[in-house]
Amino acid sequence: MSFLFNKGQKIKGTVVLMPKNVLDFNTISSIPNGGVAGAFDGLLGTATDLLGHAVDDLTAIFSRQISLKLISATKTDANGNGKIGKETYVENHLPTLPTLGARQEAFDIHFDYDAEFGIPAAFYLRSYMQTEFFLVSVTLEDVPNHGTIHFVCNSWVYNFKNYKKDRIFFINNVLLPSETPASLLKYRKEELQNLRGDGTGERKEYDRIYDYDVYNDLGNPDRGEKYSRPILGGSSTHPYPRRVRTGRKPTKKDPKSETPPTETYVPRDENFGHLKSSDFLIYGIKSLSQNVLPLFESLIFDLDFTPNEFDSFDEVRELYEGGVKLPTDMLSKISPLPALKEIFRTDGEQTLKFPPPHVIRVSKSAWMTDEEFAREMLAGVNPCVIRRLQEFPPQSTLDATIYGDQNSKVSKQEMETNLDGLTVEQALNGNRLFILDYHDAFMPYLERINKIAKAYATRTFLFLSDNAKLKPVAIELSLPHPSGDQYGAVSKVILPASEGVESTIWLLAKAHVIVNDSCYHQLMSHWLNTHAVIEPFAIATNRNLSVLHPISKLLHPHYRDTININGLARQALINAGGIIEQSFLPGPNSIEMSSAVYKNWVFTDQALPADLVKRGLAIQDPSSPYGLNLVIKDYPYAVDGLEIWDAIKTWVQDYVSLYYPSDEAVKKDSELQAWWKEAVERGHEDLKDKPWWPKMQSIQELIQCCSIIIWTASALHAAVNFGQYPYGGYILNRPTLSRRLIPEKGTKDYDEMVKNPQKAYLGTITPKYQTLVDLSVIEILSRHASDEVYLGQRDNPNWTSDSRAIQAFNKFGSKLAEIEGKIQERNKDSSLSNRFGPVEVPYTLLVPSSTEGLTFRGIPNSISI
């Protein structure tokens, strides 16, 4: 029974919400005949009708349609649970509240107050409205014996009939389970149970249920064998991190596969539609997949209009300088979304035009140099794969009983041609040999890949010169043995050349390396190592850590929108026939390849210092900054990254120390232990028995785990994401496909290569249609939304009531600002040539702050794109 207040004193409250976002792409299930633009026109018209008479209409719409019942933290009912106040309704619209954010609306509410009720710390909310709304916050003013109380809500609310229990929200206090007043324990557990669900049924749009499932929805066997894909997760053959469970029906042909979605379920509060500009970015990808790419395909294959080949490097540059002329009616079919407006010009020119990528803004040809080729391994979009060579020749880890001898065939004589007079042994002992090794990742799949493309498994050998620059000294290109895998690899070695046909062959060899690198980057460094591995931690956090828990408050900003973008990826990017399969070398083998790499994923190695040591790029040295001595001093990703890593870890340590005075406190935290156990045993179930998992028995383990999660979701993702278009937007610099092997002497292709090196290069790499697909997508993925929340920022100043935590967080923000200044200073130092290189593109990917758009900098809190 609800506790009834005596008549008398009132507590004034302010409820801040956002009406349903009419631009939320998740509400658009199909595109009408008028195209995307027509859909938006219709929605905006509805919005005008609904909200046109601002104050009066909003009061009429929301007044007495939303009710709250306060829950006491200090007074209990007969069962020992916090007393529940009477149902009280939202009242009048407050149009001029000065603290409102964009498109937020405020309403007042007045609760009857009685001293016998005590101090509220939670409330139940019930909506009688037919349309959902986004509840931002509730603030109570002048609460007797307490003052102001803040509830940070940030949640979608639907009509109460959609829920088994009324929605519950908690005060912004920080409370460990052992410190929670007995009066609130029932409500704390109740909300976590609501979020866990019961593991059954198909999820509905309004659900807020977090549960685990395997990746069994990438294929669609009902469409035919061409669209069948292996289930990732749940087996030793194809291990994988878990995703959010949706509970959709199985396909008819394979009961273990889930029917692909038309609209992907994610827990409702993970959906975009917070009236953010990132809605437009994500809807841009969706509209590309559904509407724009089919138009591209029809354009490309209309051979009277344009063939599917670039004729020259100049024609590629026309994509940015003059643009590609489109048929008159094509632009009218393409959405005028902000995310696409720079690509699809509507200024009277029927032109497809992309912004100039950074890599060719200063020099049109510097990308071709060996120096830039090597530099991008340290300061490009995939700077976390290169490793120091510690044995020669390098050995393969592939099973020799299946694949035969896969060890490198490069000879010392070939290497020493370019080691500036050193022997291989001298260069190894001097820590001056490095390798970019994709041999083992690609070789098991090459036979399948080469049925639809033509590619090698590559090893690139590099030497650190006296001038502190890397230079490539040999490229090994390997193919499966024609008589069978068990006979090992067939390899050839290409050496650097600057003149004649040898220079063309060398350029083609580098292109094959970059195709390997581009695919590994997109599938492993980017998708697997950030997007996919973080989702299980986000699920486990929501299921096991109350919003009152300090670690929930620490980590939650770093999960924002990740589950949703991953859901969209399964629908349009990594699915069978999706954008990744269309535009990257492995095609239908793409995500399966990432599963093979996940077998060797190690959580603790995701910490940047551990990663650098593992790759031989740093040597442990207690006397050096961060305890490491970098082998390559001018390694921009590592230099900037170590400063960011240290700032993150220091912030986590300062924060954790506020709530955990001892290792025993960590061991006795029931929610924390359940969280970590579930993240490991269910979220990363296929690797749960690995010995490297931290046991969560000490403060240091808690600091380590939280630091790795935050680093991965913020800085690591920024480093491998926001440079995609600046470097890869020029397809000549970072091709994603290879379509023919290097021609052999005496063949027609060889003679054509001699006559026209540019045409040979263009005939090898990504063709026109796939280039348009790739550029359209990475141009969107490389952008920041206007309301992005960056590392060192929070989207609500009242995220916690603990002033000590606020002080520690402000210290973190100040440290990041200091690091930003140091990065800018390093980029002015001409002696640090790897920071800008021949293309004169300063390394800014780990500069913490950014503005909106294609900025080539900025570290968002989370993987939101």
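Residues numbered from 1 in each chain as written. Predicted model: local features only at pLDDT ≥ 70, side-chain atom pairs only at ≥ 80, totals over all residues. Heavy atoms only, no water.

**Considerations on the overall build of the protein chain**
Assigned secondary structure in the protein chain consists of 25 helices and 21 strands. By the burial criterion, 61% of the 865 residues in the protein chain qualify as buried. As displayed, the protein chain has an accessible area near 32,800 Å², and 50% of this comes from carbon and sulfur atoms. (Helix = DSSP H or I, 4+ residues; strand = E, 2+ residues; numbered from the N terminus. Buried < 20%, exposed > 50% of the residue type's maximum accessible area, 1.4 Å probe, protein only. Areas by Shrake-Rupley, 256 points an atom, 1.4 Å probe, with all protein chains shown as cover.)

**A look at the side chain of asparagine 81**
With respect to the helices and strands, the residue asparagine 81 is situated in the loop between strand 2 (66–76) and strand 3 (82–84). Leave out the neighbours within four places in its chain, and asparagine 81 touches Lys75, Thr76, Ser183, Lys186 and Tyr187. (Contact = heavy atoms within 4.5 Å.)

**Remarks on the sheet that holds strand 8 (residues 133–143)**
Either a parallel or an antiparallel arrangement is found when strands of a sheet pair, and the pairing is made through backbone hydrogen bonds. Strand order in the open sheet formed by five strands is 5-6-1-8-9, with antiparallel pairing between adjacent strands. The open sheet has two edge strands, strand 5 (93–94) and strand 9 (147–157), and neither has a second partner. By the bridge criterion, eight bridges tie strand 1 (residues 10–19) to strand 6 (residues 105–112) in an arrangement that is antiparallel. Opposite lysine 12, over in strand 6, you have histidine 110 as the bridge partner. (Pairing = 2+ DSSP bridges.)

**A closer look at the packing of helix 10 (residues 439–449) against helix 15 (residues 590–598)**
Contact pair helix 10 / helix 15: the axes reach a minimum separation of 10 Å and the direction vectors enclose 155°. In terms of orientation, helix 10 lies roughly antiparallel with respect to helix 15. Seen from above, helix 10 lies across helix 15 with right-handed handedness. Contacts between helix 10 and helix 15 involve Ala441, Phe442, Tyr445, Arg448 and Ile449 from the former and Glu592, Met593 and Ala596 from the latter. Its residues placed into classes, the contact of helix 10 with helix 15 shows six nonpolar, no polar and two charged. (Axes fitted to C-alpha atoms, helices over the stretch in contact; angles between N-to-C directions. Parallel < 35°, antiparallel > 145°, perpendicular 65-115°, else oblique. Left-handed = near helix turned anticlockwise from the far one by under 90°. Nonpolar A, V, L, I, M, F, W, Y, C, P; charged D, E, K, R; others polar.)

**Focus: the packing of helix 5 (residues 313–321) against helix 24 (residues 768–781)**
Relative to each other, helix 5 and helix 24 sit at 35°, their axes nearing to 13 Å. Like other packed secondary-structure pairs, helix 5 and helix 24 cross with a definite hand, here right-handed. Between helix 5 and helix 24, the residues in contact are Glu315, Leu319 and Tyr320 and Lys768, Thr771, Leu772 and Leu775, respectively. By residue class, the composition of the contact of helix 5 with helix 24 is four nonpolar, one polar and two charged.

**What to know about the confidence of the model for the protein chain**
In low-pLDDT segments, the atomic positions of the prediction should not be examined closely. Looking at the protein chain as a whole, the pLDDT averages 90, with 88% of positions reaching at least 70. Here residues 1–7 scores under 50 on pLDDT; set against residues more than four positions off or in separate chains, the count is 21 contacts. (pLDDT = per-residue confidence, 0-100.)

**Concerning the sheet that holds strand 16 (residues 433–437)**
Spatial ordering of the open sheet is given by 15-16-17-18-19, a layout of five strands whose pairing is antiparallel. This sheet does not close on itself; its edge strands, each paired only once, are strand 15 (387–388) and strand 19 (489–494). In this sheet, strand 16 lies alongside strand 15 in antiparallel orientation, the contact comprising two bridges. Paired with arginine 388 across the two strands is phenylalanine 434, which belongs to strand 16. Sheet strands in contact with helix 6 (residues 370–379) are strand 16, strand 17 (457–464) and strand 18 (470–480), and its direction is about 80° off that of strand 18. In this fold helix 11 (residues 500–544) packs onto strand 16, strand 17, strand 18 and strand 19, with an angle of close to 75° to the strand it touches most, strand 18.

**Section: unusual backbone geometry**
Look at the link from phenylalanine 392 to proline 393: it is a cis peptide, with omega at -5°. If you trace the backbone, proline 393 turns up in the loop between strand 15 and helix 7 (400–403). At aspartate 142, a position not held by glycine, the phi torsion is positive, near 55°. Mapped onto the secondary structure, aspartate 142 falls in strand 8. Assessed through its relative accessible area of 61%, aspartate 142 is described here as exposed. Here methionine 696, not a glycine, exhibits a phi torsion of approximately 55°, which is positive. If you trace the backbone, methionine 696 turns up in the loop between helix 19 (670–683) and helix 20 (699–721).

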